[in-house]
Amino acid sequence: MTSLIEQAAARLEQLKQAGVDLGNASAPAVSTAPVAPATPATPEVAAQVTPVSAPVAPQSAPQARTLHPHETKRVELDLEALTAQGFLTPHAPRSYLADQYRNIKRPLIRNAMGKGAATLNHANLIMVTSALPGEGKSFTSLNLAMSIAAEFDNTVMLVDADVARPSMLRMLGLPPGPGLLDVLENSVDMADVLIKTNVDKLTLLPSGRPHARATELLASDAMSGLLDHMAKRYADRIIIFDSPPLLLTTESRVLASHMGQIVIVVQAERTPQSAVLQAVSTIENCPLKMVLLNQASAKADAGYGYHYGSYGYGQGYGYGYDRDDGQGGAQAVAGKA
Ligand SMILES: Nc1ncnc2c1ncn2[C@@H]1O[C@H](COP(=O)(O)OP(=O)(O)O)[C@@H](O)[C@H]1O
Ligand SMILES: [Mg+2]
């Protein structure tokens with residue numbers, strides 16, 4: 001049985017041959033990859049929080065910096081519960097979902113490590129976004145982070161940058177806590193809010209305490225500065241940003257302009273074609289985009305290539321480069337594979 005990715009690639013190739021306009025030649029390369037629905041979710045994920053080695057920053061945040069040493073917090077994720085919810089975990093048995101994420105992550109890792117075709121600024125900063133809410137950005141971000149952490153030699157940082165609708169800690173069964181917004185407000189150092197996990201190499205940066213000016217902070221110069229700092233200070237890390245949707249907010253576009261790579265999650269069978277086109281047009285200038293078809297069931301996928309193939313994302317959707325069949329040099333990826 002051919003994979004969804006191969007089927008989709010074949011269909012897009014047919015469309016191209018049939019003369020369907022897939023974009024102008026100067027358009028940036030965009031690749032697409034489908035992700036099938038995971039097994040149905042069970043209600044709550046429970047995670048144990050191990051004794052925290054550094055105290056959580058107190059409410060009177062400005063003083064926090066001087067109150068405690070820079071010891072990274074550590075939590076114990078309940079990996080079995082996460083697996084039961086349909087998320088990838090490092091030691092879960094080989095699955096279709098895991099295989100699909102393997103295909104998706106390869107070009108991302110390669111680019112992040114400067115081994116891709118293009119030289120990218122901030123190549124290790126990967127934004128996960130979508131046109132609309134609820135398309136699977138958080139689901140994708142977590143799975144991508146887990147998948148990369150399982151094979152990548154270096155640390156992966158997962159950042160909850162969807163500050164208006166944060167979900168990372170809840171998804172992982174962890175209590176709310178300080179994070180990105182607190183760093184942007186200058187009330188804490190990043191080292192104080194990073195969380196290490198029992199998944200080797202996976203570090204979390206939560207969105208932080210709810211803040212009236214959350215979206216402004218995300219689009220602020222402070223955020224640009226922080227991203228620049230992160231790209232350089234953690235150049236050997238891959239940093240995944242679970243980000244706000246592109247069409248309902250403007251801060252997501254600002255964020256996008258600082259990212260090396262962008263993954264646009266498209267919920268199969270739901271997101272209108274016009275919405276995806278519009279979303280892509282808001283980040284026209286970002287050099288590297290990958291479109292990920294989320295929850296593409298085999299049945300839905302049957303009509304998908306045709307429906308979405310005419311988006312005009314640009315030429316060079318180049319599935320070859322993230323396939324296992326040797327096209328485009330998939331072997332240049334770190335990890336055990
Ligand atoms: N491929 C998938 N398989 C199963 N459930 C999914 C998948 N993608 C998303 N979901 C579920 O759909 C809901 C919305 O996804 P979420 O990632 O929270 O969207 P967003 O972050 O874009 O708002 C969540 O309950 C999530 O677990
Ligand atoms: Mg989300």
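A brief look at the structure comes next. (Residues numbered from 1 in each chain as written. Chains lettered and ligands numbered in written order. Predicted model: local features only at pLDDT ≥ 70, side-chain atom pairs only at ≥ 80, totals over all residues. Heavy atoms only, no water.)

**Brief notes about unusual backbone geometry**
Glycine aside, the phi torsion of most residues is negative, and most peptide linkages are trans. In plain terms, the rule: Secondary structure follows DSSP: runs of H or I at least 4 residues long count as helices, runs of E at least 2 residues long count as strands, and numbering of each begins at the N terminus.
One non-glycine residue, Lys-201, lies in positive phi territory at about 80 degrees. Checked against the element boundaries, Lys-201 lands in the loop between strand E5 (195–197) and strand E6 (202–205). In this structure, Glu-269 is a non-glycine residue whose phi angle is positive, near 70 degrees. Tracing the sequence through the fold places Glu-269 in the loop between strand E8 (261–267) and helix H12 (273–282).

**A few points about the packing of helix H4 (residues 96–112) against helix H5 (residues 137–151)**
Short version of the rule: Here an angle of 0 to 180 degrees is reported between the N-to-C directions of two axes, which are lines fitted to C-alpha atoms, with helices fitted over the stretch in contact. For this classification, under 35 degrees means roughly parallel, over 145 means roughly antiparallel, 65 to 115 means roughly perpendicular, and everything else is oblique. In this description, contact between two residues means that some pair of their heavy atoms is separated by no more than 4.5 Å. For this scheme, ten residues count as nonpolar: Ala, Val, Leu, Ile, Met, Phe, Trp, Tyr, Cys and Pro. Four count as charged, namely Asp, Glu, Lys and Arg, and the remainder, Gly too, count as polar.
It is the contact of H4 with H5, at a shortest axis distance of 9 Å, that shows an interaxial angle of 80 degrees. Taken together, the axes of H4 and H5 lie roughly perpendicular to each other. Residue-level inspection shows Leu-97, Tyr-101, Arg-102, Ile-104, Lys-105, Leu-108 and Ile-109 of H4 in contact with H5, the latter providing Phe-139, Thr-140, Asn-143, Leu-144, Ser-147, Ile-148 and Glu-151. Broken down by class, the residue content of the contact of H4 with H5 amounts to 8 nonpolar, 3 polar and 3 charged.

**Some remarks on the packing of aromatic side chains**
This is how it is decided: The pairing test for Phe, Tyr and Trp rings, Trp by its six-membered ring, is centres within 6.5 Å, and the orientation test on the planes gives stacked under 30 degrees, edge-to-face over 60, and tilted for anything in between.
As enumerated under the stated definition, the model contains 1 aromatic pair in all. Judged by centre distance (5.5 Å) and plane angle (40 degrees), the rings of Phe-87 and Phe-139 are tilted. With Phe-87 in the loop between helix H3 (79–84) and H4 and Phe-139 in helix H5, this residue pair connects regions lying 52 residues apart in the sequence.

**Quick word on the pairing of strand E4 (residues 156–160)**
Applicable threshold: Per-residue accessibility, obtained with a 1.4 Å probe over protein chains only, is compared with the maximum for each type, and a residue is labelled buried under 20%, exposed over 50%, and partly exposed between these values. In this description, strands pair whenever DSSP reports at least two bridges between them.
Counting buried residues along E4, 5 of its 5 residues qualify, which places the element largely inside the surrounding structure. In terms of strand pairing, E4 meets E6 through 4 bridges, oriented parallel. Looking at E6, one finds that Val-159 is bridged to Leu-205. Where E4 meets strand E7 (residues 238–242), 5 bridges bridge the pair, whose relative direction is parallel. If you follow Leu-158 over to E7, its bridge partner there is Ile-240.

**Considerations on the pairing of strand E3 (residues 125–130)**
Among the 6 residues in E3, 6 count as buried, and that is most of the element. The two faces of E3 match: Leu-125, Met-127 and Thr-129 on one face and Ile-126, Val-128 and Ser-130 on the other face are all buried. Here E3 runs beside E7; their pairing, made up of 4 bridges, is parallel. The residue bridging Val-128 from the neighbouring strand is Asp-242, located in E7. Pairing geometry for E3 and E8, over 5 bridges, is parallel. Bridging across to E8, Val-128 finds its partner in Val-263.

**Topic: the environment of Ser-207**
Looking at the secondary structure, you find Ser-207 in the loop between E6 and helix H9 (214–218). For Ser-207, a relative accessible area of 5% gives the class buried. C-alpha separation for the pair Ser-207 and Met-168, spaced 39 residues apart in sequence, amounts to 8.2 Å. With sequence-adjacent residues up to four places away left out, Ser-207 is seen in contact with Asp-160, Val-163, Pro-166, Gly-179, Leu-180 and Leu-181.

**Focus: the side chain of Asp-182**
Worth spelling out the cut-off: Between N or O atoms, a polar contact is any pair within 3.5 Å; within protein, one atom must be a potential hydrogen donor and the other a potential acceptor, and residues adjacent in sequence are included only when both atoms are from side chains.
Summarising the element assignment, Asp-182 is placed in helix H7 (residues 180–184). Engagement of the side chain of Asp-182 in a polar contact is seen with the backbone nitrogen of Gly-179, the distance being 2.8 Å. Apart from residues no more than four positions distant in its own chain, Asp-182 is found in contact with Ser-187, Val-188, Gly-208 and Arg-209.

**What about the pattern of salt bridges?**
This is how it is decided: Note on definitions: salt bridges are taken to be side-chain nitrogens of Lys or Arg within 4 Å of carboxyl oxygens of Asp or Glu.
Overall, the coordinates contain 7 salt bridges when judged by the stated rule. Residues Glu-76 and Arg-74 are paired through a salt bridge, measuring 3.6 Å at the closest nitrogen-oxygen approach. Across the pair Asp-182 and Arg-209 runs a salt bridge, and its minimum N-O distance is 2.8 Å. Here Asp-182 is found in helix H7, whereas its partner Arg-209 is found in the loop between E6 and H9, with 27 residues between them in sequence. We classify Asp-182 as buried; its relative accessible area is 4%. A relative accessible area of 18% means that Arg-209 is categorised as buried. Salt bridges linked by common partners bring Arg-94, Asp-99, Arg-102, Lys-105 and Glu-151 together as one network.

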